[in-house]
Amino acid sequence: MDTTRKPPWLRAKLPGGPGYAAVSRLVDDSRLHTVCQSAQCPNLGECWSRGTATVMILGNICTRSCNFCAIQTGRPTELDLGEPARVAEAVAAMNLRHCVLTSVARDELADGGAAVWAATVRAIRHRNPRTAIEVLVPDFKGRLEDVDTVLDAGPDIFNHNVETVERLQKPVRVQARYDRSRSVLQHAKMRGFTTKTGIMLGLGEIREEVEQTLRDVAGDGVDILTIGQYLRPTPAHLPVDRWVEPAEFEHWKRFGLSIGIGVVESGALVRSSYHADEQSLKYTGEGHLNSDNRLASA
């Protein structure tokens, strides 16, 4: 398969318009980082035009060196304790009904940044009591006491991505482990939280491995699953093994639903935070699902 050119179903909306400009100004004025920019998300144009952005806390330098991710790797130089308040104000300015927070990994900190995570969730909750809060967290090296610090702040959705099948964890995620990621998700579920995870296709996985991964996360009680196409951010990153066709994404969506995962978003441009408000609405029952897993009117 020729992977040097993207197929037509991978066309994304170009940045532009008043909504995009407003979000761009807000991010700059609030001195915030977004995963949309740092991870070179293909949906940046569409999401910012809708007036939404995924805020990335704890800086924009990651202590991990994942071979799929565009975020800069190194030793972070900042720990901005004023960030939680600025994030809360930005959420208010965007008038978000559902906000998604993520962060770089901060393995050099004793708690992996968990205290800043908790402070940010609480600041948003105080300033925006009607806003649903979704957290997309690192694995905190499997330290469940740090996971508890985040959970104790009371997010609405707890998200941690396993990213790929078990066999490919080391070449793709380098410092992460499949069993450790699952333990983090299992812990949040045992505490009664709505849990979410995501994987990428096109990294060299085979069909049986994808099926097993979906069975694993379903067995862990994951409520929401996202499946998207891996896109190589630079020539220094892992190459794309294949372009996954829309019919295969649809197959995995049906399969995930059939084994008990509550909401499955599967498509080439699907990402963890892409239309996350709609995923949440589907799961929480503010709407109901019709036969093709799309939100119908309540």
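Scope of this entry: the structure provided in the associated data block. (Residues numbered from 1 in each chain as written. Predicted model: local features only at pLDDT ≥ 70, side-chain atom pairs only at ≥ 80, totals over all residues. Heavy atoms only, no water.)

Turning our attention to the environment of Thr 4. Within the fold, Thr 4 resides in the segment before α1 (18-29). The exposure class assigned to Thr 4 is exposed, which follows from its relative accessible area of 69%. (Helix = DSSP H or I, 4+ residues; strand = E, 2+ residues; numbered from the N terminus. Buried < 20%, exposed > 50% of the residue type's maximum accessible area, 1.4 Å probe, protein only.)

Structurally, Arg 5 is set in the segment before α1. Assessed through its relative accessible area of 66%, Arg 5 is described here as exposed. Remark: the alpha-carbon pair of Arg 5 and Trp 243, spanning 238 residues in sequence, is separated by 9.6 Å.

Once that is clear, we can look at the packing of helix α5 (residues 114-127) against helix α6 (residues 144-152). Look at α5 against α6: their axes get within 8 Å of each other, and the N-to-C directions meet at 10°. What the angle tells us is that α5 and α6 run roughly parallel. Of α6, the residues touching α5 (which contributes Ala 114, Ala 115, Trp 117, Ala 118 and Arg 122) are Asp 146, Thr 149, Val 150 and Asp 152. Looking at the contact of α5 with α6 residue by residue, the class counts come to five nonpolar, one polar and three charged. (Axes fitted to C-alpha atoms, helices over the stretch in contact; angles between N-to-C directions. Parallel < 35°, antiparallel > 145°, perpendicular 65-115°, else oblique. Contact = heavy atoms within 4.5 Å. Nonpolar A, V, L, I, M, F, W, Y, C, P; charged D, E, K, R; others polar.)

What follows is about helix α4 (residues 83-94). Across its 12 residues, α4 extends 16 Å between first and last C-alpha, which sits within 8% of the 16 Å expected from 1.5 Å per residue. Taken residue by residue, α4 has Glu 83, Pro 84, Arg 86, Val 87, Ala 88, Ala 90, Val 91 and Met 94 as its buried positions. Asn 95, located one to two residues past α4, shows a positive phi value of around 55°. (Expected span 1.5 Å × (residues − 1).)

Counted under the stated rule, the structure contains one aromatic pair. Each ring, one from Trp 252 and one from Phe 255, has its centre 5.9 Å from the other, and the planes form 90°; the classification is edge-to-face. Within this pair, Trp 252 and its partner Phe 255 are both found in helix α10 (residues 246-258), separated by three residues, close to a single helical turn. The same class applies to Trp 252 as to Phe 255, namely buried. (Phe/Tyr/Trp six-rings, centres within 6.5 Å; stacked < 30°, edge-to-face > 60°.)

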